[in-house]
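Summary of the model geometry
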Amino acid sequence: MKINWGTGIVLAFIGFISFILFFVVRMSMDNKANHDLVTENYYGAELGYQDEIDAENNSRTKEVDLTLETTDKGIKVVFPNNLSIENIKGTVSLYRPSNKHLDFDLPVSLSQDYLLIPDNRLLDGRWDIKVSWEYNGEAYLFKKKITYRQDK
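Residues numbered from 1 in each chain as written. Predicted model: local features only at pLDDT ≥ 70, side-chain atom pairs only at ≥ 80, totals over all residues. Heavy atoms only, no water.

So, the nonpolar core
With 26 residues, the main nonpolar core has Phe79, Val92, Ile117, Val131 and Trp133 as its most contacted residues. For this core, the elements supplying multiple residues, two or more each, are strand 2 (74–78), strand 3 (88–95), strand 4 (104–108), strand 5 (114–118), strand 6 (125–135) and strand 7 (138–148). The element contributing the most residues to this core is strand 6, with five residues. With residues near it in sequence (within four places) discarded, Val92 still touches Phe104, Asp105, Leu106, Val108, Leu115, Ile117, Ile129, Lys130 and Val131. (Core = buried A, V, L, I, M, F, W, Y, C linked by side-chain atoms within 4.5 Å. Buried < 20%, exposed > 50% of the residue type's maximum accessible area, 1.4 Å probe, protein only. Helix = DSSP H or I, 4+ residues; strand = E, 2+ residues; numbered from the N terminus. Contact = heavy atoms within 4.5 Å.)

Some thoughts on the environment of Lys89
When you line up the elements, Lys89 lands in strand 3. Residue class for Lys89 comes out exposed when judged on its relative accessible area of 52%. Lys89 sits 41 residues away from Lys130 along the chain, and the two C-alpha atoms are 14 Å apart. Residues contacting Lys89, with those up to four places away along its chain left out, are Val108, Ser132, Trp133 and Glu134. Among the polar contacts made by the side chain of Lys89, one reaches the main-chain carbonyl oxygen of Glu86 at a distance of 3.3 Å. (Polar contact = N/O pair within 3.5 Å; in protein donor to acceptor, adjacent residues only side chain to side chain.)

A word on the sheet that holds strand 4
What the four strands build is an open sheet, ordered 4-3-6-7; its pairing is antiparallel. This sheet does not close on itself; its edge strands, each paired only once, are strand 4 and strand 7. Recorded for the sheet is a direction-independent mean angle of 15° between the axes of neighbouring strands. Direction of pairing for strand 3 relative to strand 6: antiparallel, over a ladder of eight bridges. If you follow Ser93 over to strand 6, its bridge partner there is Lys130. Strands strand 6 and strand 7 of the sheet are contacted by helix 3 (residues 49–61), whose axis makes an angle of about 90° with strand 7. (Pairing = 2+ DSSP bridges. Axes fitted to C-alpha atoms, helices over the stretch in contact; angles between N-to-C directions.)

Printed below as a string of structure tokens:
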């Protein structure tokens, strides 16, 4: 049987479309290719992004940036010692990119110049730490990505 050039073009198009559809269906059904948004309310969070930028700039320009220290008890979020700790209010958010069920928030209530994030709340792996805090009416923000490892 002889195939003319018109039939060959149609068969090539059908083959190409089938090839593309196969991969589209395969990727949309694969659990490894989960394309959820990072946060549930992504667009609402985007509206407050300029406030975050301003708070981060406050931390840098006023030299009140925080530091992180890893200890055997967990992670210490160390606040500058030139601030009075009674006036510091805020939250520490820990975000786990690989599993949203491990995310948690801690309120900032200090009796010393640091806040301890306990070791039993943290699993080994990547964490995004975000400390949003206020001091004397000024907003500050500290963000850091860390890889935590329990040394036991």
